[in-house]
Protein chains: 2
Amino acid sequence: MRGLMMDTQLMISSLLRYAADYHGDREIVSRMIDGSIHRTNYRETHKRAQRLAHALERLGVKSGDRVATIAWNNHRHFETYFAVPGIGAVCHTINPRLFGEQIVYIANHAEDQFLFLDLTFVPLVESIAQELSTVKGYLLMCGADEMPETSLENVMCYEDLLAAESDHYDWPVFDENTASSLCYTSGTTGNPKGVLYSHRSTVLHTLCVMGADTIAIANRDTLLAIVPMFHANCWGTPYACAACGAKIVYPGPFMDGDKLHELIEAEGVTVALGVPTVWLGLINYMQANDKRIDTIERTVIGGTAIPASMLRTLEDDYGVQVFHAWGMTETSPLGTTGRLKAGEDALDTDTQTALKLKQGRGIYGVEMKIVDDDGKELPKDGVASGELMIRGPWIAKGYLKEEGGAVLDADGWFPTGDISTLDPEGRMQITDRAKDVIKSGGEWISSIELENTAMGHPGVAEAAVIGLPHPKWDERPLLIAVRSEGSEVTGEELTDFLARKVAKWWLPDDVVFADELPHTPTGKVLKTRLREIYANYTLPTARDQSAATG
Amino acid sequence: MRGLMMDTQLMISSLLRYAADYHGDREIVSRMIDGSIHRTNYRETHKRAQRLAHALERLGVKSGDRVATIAWNNHRHFETYFAVPGIGAVCHTINPRLFGEQIVYIANHAEDQFLFLDLTFVPLVESIAQELSTVKGYLLMCGADEMPETSLENVMCYEDLLAAESDHYDWPVFDENTASSLCYTSGTTGNPKGVLYSHRSTVLHTLCVMGADTIAIANRDTLLAIVPMFHANCWGTPYACAACGAKIVYPGPFMDGDKLHELIEAEGVTVALGVPTVWLGLINYMQANDKRIDTIERTVIGGTAIPASMLRTLEDDYGVQVFHAWGMTETSPLGTTGRLKAGEDALDTDTQTALKLKQGRGIYGVEMKIVDDDGKELPKDGVASGELMIRGPWIAKGYLKEEGGAVLDADGWFPTGDISTLDPEGRMQITDRAKDVIKSGGEWISSIELENTAMGHPGVAEAAVIGLPHPKWDERPLLIAVRSEGSEVTGEELTDFLARKVAKWWLPDDVVFADELPHTPTGKVLKTRLREIYANYTLPTARDQSAATG
């Protein structure tokens, strides 16, 4: 027997239409690449998204086509978040910090048809354009007067495209399981893999993000999105802000403390989301200049754990409530949130801090369990640790073009690669890193890829990369190499070699040489032993940082 | 192109499993029919729901079967909310305040297979049992020692049934569009009509109810459900409380001020939901006994509008934030919420009050428009009024067994039967029920506004306005008032009072006083009954008119 409720398809376009209809005056404020402040609102943005929808169709973009962006956080990027899926196409947000080669791989793998880009990235895209085998044209996110000289072919001006179209477009309604957006994750092994979101998963995730126990985005909020829009849907915030008419503040590329502080004060930001690294600069600026951020009520920290001292500074000195949230590109990304539970606000500060430093507690919609090496479920006792497995309507079931093969276990659980405990109160704590990954400023660096690249040098017999603590970036890579017989390769030479193959921010902060590496009985490098050996090693960059802040 | 996210079916059973797994210790506190307090928690409740699932299957209940409840708000009723849909059957909550023959009609129409009932309702059900043509057995919601003598056949004891079963049950996963629960709405004309919810509509509505801009139910909340569980899923609160692990307080049949006050204080209630009537008794009790309810942060008022004076008393004297919420059985029921928008908390109190007295503002998930008699959309200008039409994933598309025929218009909108305005800020205000509107000389008079204004007079406890035939004006209003205790207010005084607040041509042509007004089971004034009572009443102006023209 079927229920008799409306068969409404959950459509991304309905989020922006809601914002325009019920919160048309609420603002979207962006700092543009020239440093100027741009102001618009949901009413205008909905009109512009409708113009963009027409423009995309005029360009021949069809349902299912991938359209990529390489852009900062700003109002135009926000428009693509709605217009591209709105016509049934797929919005592919590309991380501009990737190495050119990786971008080429990703864009070709996704078969991107068009590429939106902020002017900052014109040189980057020029350098790889010849290798982009499917891109038919480039849409420069600027006005006609800002159009640069460029070697790119089939270049179009975003504002000209919009100006030529009607601001009324009837958003089509189609199957809610249709793909809506695409984001690649650079896993520990193999090629980057594409996570393909749907309208359904996006709208369900949006409802979750508005929940009072999660991020609780509400109409009265002014949200500062520090998290980039090329990271897992900007944590779902463009959609959630539209769905309640929250004001949005986009900092563009300007993440220095003074610029962020200026925006927070001028716009009355109430909630900020991002990795802890950015807070470091902001706190330093405020301390040095005796500034405050009294409008901010809460901050949601993700990507990596916040240091306890920073948490206490934010809460005690600046009155900003701090919550962890844990998630992955594959989880849309909300997986857990670190809000205190009923009664816990009566605990002493140290106990509260300890609770907050865990990754967070389970939320409705994401099932969690931990399993041992045989896939057997382990107790949720806060002691047993095993691989974290998750399941839910906004969790990936596989990757684009079946990259990585079958991902889920027999019961449909997604293996996160993180080793964690689950306590009886429902809190999850990651005890061990996903095996070989280094988290630098919230971004993943694949140690395996670095190792493989280093071993491509003729002077290197074997190489291993581990993450070492870093005050600013949380972790940075250390390369441990064994020279091949007769080789006299130096660390500097190795770094230069790597610099031609990987993104600059992936480069190891130091290179050390060893006579041999410890191995498991099956011949794999024993990372746990390496971490013990180098436990007291301080990266030169970390030393510099200490000196600077000391 | 389909997205690659998990095809997770939205299942009601997952809500209770979540509560047990992540908030197992959170309590469900019920006042039982003997006045005693019963305490349990989500961990135990999930176990008992699993026992009940086994028991239902042992009774032969199959997917799609309807299983009815006639019960108060308590933990056992809560268990049926999950166990019955959990096995794929349909939980049909019956309003015990209906007349016996209406219950017979509804139960037979629904083809209820089994009937759960609290002991209070044994005499009621005994009196109609012979006419219940499909009910195979009666499950008395009590322990073995409480089982009464009864003429009912096939009577079973709820606690005995549970005790005989295992507390582990694997909740099946099936199509989320499967029917989950059933609630009849008694229109003013025609037969009662069954609204058939689905697992999908219920889970989506649950996510909505947890939203920071709607009811914002959160883990730290203790919710007092004054709204009965036989009303539109208890406004979705059993599901939403489970989905965040909020503590629940069920008052059973005891709605007097002193009993409610005792529960609120003892359990630390933070949010209460219900019709305004109940607040009247509570406020009277608190005023007479110098009591307070300081734990309550907010109350959500639905079913009917709260009088301005009561709103101000709650906010000013007791520090309780008041929100309207509007909805219907057909809307799951959340349609709008009355939370202030960004910046409105800076308005002066009178302006805020006026905003709060509207039915509420649109929420994401429920589309609204108003149309004229020809179905043409009217402007959202706060002035034009027309029938409110709504659309969304938790709105009914029709009634069980096609009662009432095709309900939706050609574009899939549901006609609410309410006449309303929509303002540019997205707020909806009901100006009248389509059938309650008084048409005087071709102009509409809002009976609701007249009633609310009359109730602003201190000498009036309750007021209703109906239209009576008039030879000149077609219809003219009659005000029927109930004096407040000790009041000796006259009709003339009331008319003078109204004359200062409403247009002269809106003034009732006569005022009569009654000892009490007839009410629907949901506490609304029964206009149909009033029209019957005053069917032969002639307005003095109509008499004059007759005399003049006779």
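Residues numbered from 1 in each chain as written. Chains lettered and ligands numbered in written order. Predicted model: local features only at pLDDT ≥ 70, side-chain atom pairs only at ≥ 80, totals over all residues. Heavy atoms only, no water.

Caption draft 1: Broad picture of the overall build of chain A. The helix and strand tally for chain A stands at 16 helices and 25 strands. Taking 550 residues into account, the globule formula puts the C-alpha radius of gyration at 24 Å, and chain A, at 23 Å, falls close to it. Dimensions along the principal axes, computed over C-alpha positions, put chain A at roughly 70 × 60 × 60 Å. Going through the 550 residues of chain A one by one, you find that 63% of them count as buried. (Helix = DSSP H or I, 4+ residues; strand = E, 2+ residues; numbered from the N terminus. Rg over C-alpha atoms; globule rule 2.2 N^0.38 Å. Buried < 20%, exposed > 50% of the residue type's maximum accessible area, 1.4 Å probe, protein only.)

Caption draft 2: Focus on the side chain of His 92 of chain A. Locating His 92 of chain A in the fold gives a position in strand β4 (residues 90-93). In contact with His 92 of chain A, not counting residues within four places along its chain, are Val 67, Ala 68, Thr 69, Ile 106, Ala 110, Asp 112, Leu 182 and Tyr 184 of chain A. (Contact = heavy atoms within 4.5 Å.)

Caption draft 3: Representation of the packing of aromatic side chains. Residue and element names in this part refer to chain A. Applying the stated criterion across every chain yields a total of 24 aromatic pairs over all chains. Each ring, one from Phe 82 and one from Tyr 239, has its centre 5.1 Å from the other, and the planes form 75°; the classification is edge-to-face. Separated by 157 residues along the polypeptide, Phe 82 in helix α3 (residues 75-86) and Tyr 239 in helix α8 (residues 237-244) bring together distant segments of the chain. A ring pair is formed by Tyr 169 and Trp 171, whose centres lie 5.0 Å apart and whose planes are at 65°; its orientation type is edge-to-face. Of the two residues examined, Tyr 169 and Trp 171, each falls in the buried class. By way of ring pairs, the aromatic residues Tyr 42, Phe 78, Tyr 81, Phe 82, Tyr 239 and Tyr 250 are connected into one cluster. (Phe/Tyr/Trp six-rings, centres within 6.5 Å; stacked < 30°, edge-to-face > 60°.)

Caption draft 4: A look at the sheet that holds strand β8 (residues 179-185) of chain A. All names here are of chain A. Reading across from one edge, β7-β6-β5-β3-β4-β8-β9 is the order of the seven strands in this open sheet, with mixed pairing throughout. Two strands lie at the open edges of the sheet, namely β7 (155-157) and β9 (193-198), each paired on one side alone. Strand after strand, the sheet turns through a mean of 25° between neighbouring axes, direction not considered. Examined bridge by bridge, strand β3 (residues 66-70) and strand β5 (residues 112-117) share five bridges and lie parallel to one another. Among the inter-strand pairings, Arg 66 is bridged to a residue of β5, identified as Asp 112. (Pairing = 2+ DSSP bridges. Axes fitted to C-alpha atoms, helices over the stretch in contact; angles between N-to-C directions.)

Caption draft 5: Seen up close, the sheet that holds strand β3 (residues 66-70) of chain B. Residue and element names in this part refer to chain B. As summarised here, the arrangement of the seven strands in space is β7-β6-β5-β3-β4-β8-β9, forming an open sheet in which the pairing is mixed. Only two strands of the sheet have a single neighbouring strand rather than two, namely β7 (155-157) and β9 (193-198). This sheet shows a mean twist of 25° between the axes of neighbouring strands, independent of strand direction. One ladder, built from two bridges, connects strand β4 (residues 90-93) with strand β8 (residues 179-185); its direction is parallel. Of the residues in β8, the one forming a bridge with His 92 is Leu 182. Where helix α4 (residues 100-110) meets the sheet, it contacts β3, β4, β5 (112-117) and β8, and its direction lies at approximately 150° from that of β8.

Caption draft 6: A look at the interface of chain A and chain B. At the interface, 77 residues of chain A touch 77 residues of chain B. Where chain A abuts chain B, roughly 5800 Å² becomes buried across the two surfaces, and 58% of that area is made up of carbon and sulfur atoms. When the buried area of chain A at its contact with chain B is split by residue, Met 1, Met 6 and Tyr 364 of chain A rank highest and sum to 17% of it. Its salt-bridge partner being Lys 397 of chain B, residue Asp 7 of chain A comes within 2.9 Å of it at the nearest N-O pair. Counting across the interface, chain A meets chain B through 33 residue pairs in polar contact (both at pLDDT 80 or more). Elements represented by at least two residues in the side of chain A that touches chain B include exactly α1 (13-22), β9, α7 (199-209), α8, β16 (360-362), β17 (367-371) and β18 (386-391) of chain A. With six residues, α1 of chain A is the largest single contributor of residues to the side of chain A that touches chain B. (Buried area = accessible area lost by both parts, 1.4 Å probe. Salt bridge = Lys/Arg side-chain N within 4 Å of Asp/Glu carboxyl O. Polar contact = N/O pair within 3.5 Å; in protein donor to acceptor, adjacent residues only side chain to side chain.)

Caption draft 7: Focus on the domain arrangement of chain A. Residues and elements named next belong to chain A. If you check the domain split of chain A, you get domain 1 (15-26 + 41-198) and domain 2 (437-549). When each unit is reduced to the centre of its C-alpha atoms, the spacing between domain 1 and domain 2 is 36 Å. With 10 residues of domain 1 at the contact, the number on the domain 2 side is 13 residues. Buried area between domain 1 and domain 2, both sides added, is near 940 Å², and the carbon and sulfur share of it is 51%. Taken together, the connections running from domain 1 to domain 2 amount to zero salt bridges. The interface formed by domain 1 and domain 2 holds one residue pair in polar contact (both at pLDDT 80 or more) in total. (Domains from an automatic or database assignment.)

Caption draft 8: Quick peek at the environment of Trp 473 of chain A. Residue and element names in this part refer to chain A. Mapped onto the secondary structure, Trp 473 falls in the loop between β23 (460-470) and β24 (474-483). Sequence separation between Trp 473 and Lys 439 is 34 residues, and the spatial gap between their C-alpha atoms is 8.0 Å. In contact with Trp 473, other than residues within four places in its own chain, are Thr 277, Lys 439, Ser 440 and Gly 441.

Caption draft 9: Broad picture of the pattern of salt bridges. Going through the model one piece at a time under the given rule, you end up with 64 salt bridges over all chains. For Glu 159 of chain B, the salt bridge identified is with Arg 76 of chain B, shortest N-O distance 2.7 Å. Residue Glu 159 of chain B is found in helix α6 (residues 158-163), and its partner Arg 76 of chain B is found in helix α3 (residues 75-86); the two are separated by 83 residues along the sequence. Several salt bridges share partner residues, and in doing so they unite Glu 27, Arg 39, Lys 247 and Glu 267 of chain A into one network.

Caption draft 10: Just the packing of helix α9 (residues 257-267) of chain B against helix α10 (residues 276-289) of chain B, in detail. Residues and elements named next belong to chain B. Packing of α9 against α10 leaves a shortest axis separation of 8 Å and a crossing angle of 80°. With respect to α10, the axis of α9 lies roughly perpendicular. Here Gly 257, Asp 258, Leu 260, His 261 and Ile 264 of α9 lie close against α10, whose contacting residues are Val 278, Gly 281, Leu 282, Tyr 285 and Met 286. Looking at side-chain class alone, the contact of α9 with α10 contains six nonpolar, three polar and one charged residues. (Parallel < 35°, antiparallel > 145°, perpendicular 65-115°, else oblique. Nonpolar A, V, L, I, M, F, W, Y, C, P; charged D, E, K, R; others polar.)

Caption draft 11: Representation of the environment of Pro 379 of chain A. Residue and element names in this part refer to chain A. With respect to the helices and strands, the residue Pro 379 is situated in the loop between β17 and β18. When the C-alpha positions of Pro 379 and Met 389 are compared, they lie 13 Å apart, and in sequence the two are 10 residues distant. When residues no more than four places from it in sequence are discounted, the contact partners of Pro 379 are Ile 370, Ala 384 and Leu 422.

Caption draft 12: How the structure looks around the packing of helix α7 (residues 199-209) of chain B against helix α8 (residues 237-244) of chain B. All names here are of chain B. Contact geometry for α7 and α8: axes closest at 9 Å, N-to-C directions at 70°. Taken together, the axes of α7 and α8 lie roughly perpendicular to each other. The crossing of α7 and α8 is right-handed. Here Thr 202, Thr 206 and Val 209 of α7 lie close against α8, whose contacting residues are Tyr 239, Ala 240 and Ala 243. A per-class count over the contact of α7 with α8 returns four nonpolar, two polar and no charged. (Left-handed = near helix turned anticlockwise from the far one by under 90°.)

Caption draft 13: Structural detail: helix α13 (residues 447-454) of chain A. Every buried residue of α13 of chain A is accounted for by Ser 447, Leu 450, Glu 451, Thr 453 and Ala 454 of chain A. In an axial view of α13 of chain A, the angular spread of the buried residues amounts to 165°, which keeps them on one side of the axis. (Arc of directions from axis to C-beta.)

Caption draft 14: Seen up close, the pairing of β18 of chain A. Residues and elements named next belong to chain A. Along β18, five of the six residues are buried, which leaves the element largely enclosed by surrounding structure. Bridge count between β17 and β18: five bridges; the pairing is antiparallel. Note on β18: the bridge partner recorded for Val 371 is Glu 387. Of the pairings in the sheet, the one linking β18 to strand β19 (residues 414-422) comprises four bridges and is antiparallel in character.

Caption draft 15: Looking closely at the state of the cysteines. Tallied over the entire structure, the rule returns zero disulfides over all chains. Unpaired in terms of disulfides, Cys 208 of chain A finds its nearest cysteine sulfur in Cys 244 of chain B, a separation of 12 Å. Looking at Cys 208 of chain A, the relative accessible area reads 5%, which means it is buried. For Cys 183 of chain B, which is in no disulfide, the shortest distance to another cysteine sulfur is to Cys 91 of chain B and amounts to 9.9 Å. (Disulfide = S-S within 2.5 Å.)

Caption draft 16: Layout of the confidence of the model for chain A. Residues and elements named next belong to chain A. With 96% of its residues at a pLDDT of at least 70, chain A reaches an overall mean of 92. Taken as a whole, residues 546-550 scores under 50 in pLDDT and shows zero contacts with residues more than four places along the chain or in a different chain. Confidence metrics for the complex model read pTM 0.87 and ipTM 0.87. (pLDDT = per-residue confidence, 0-100.)

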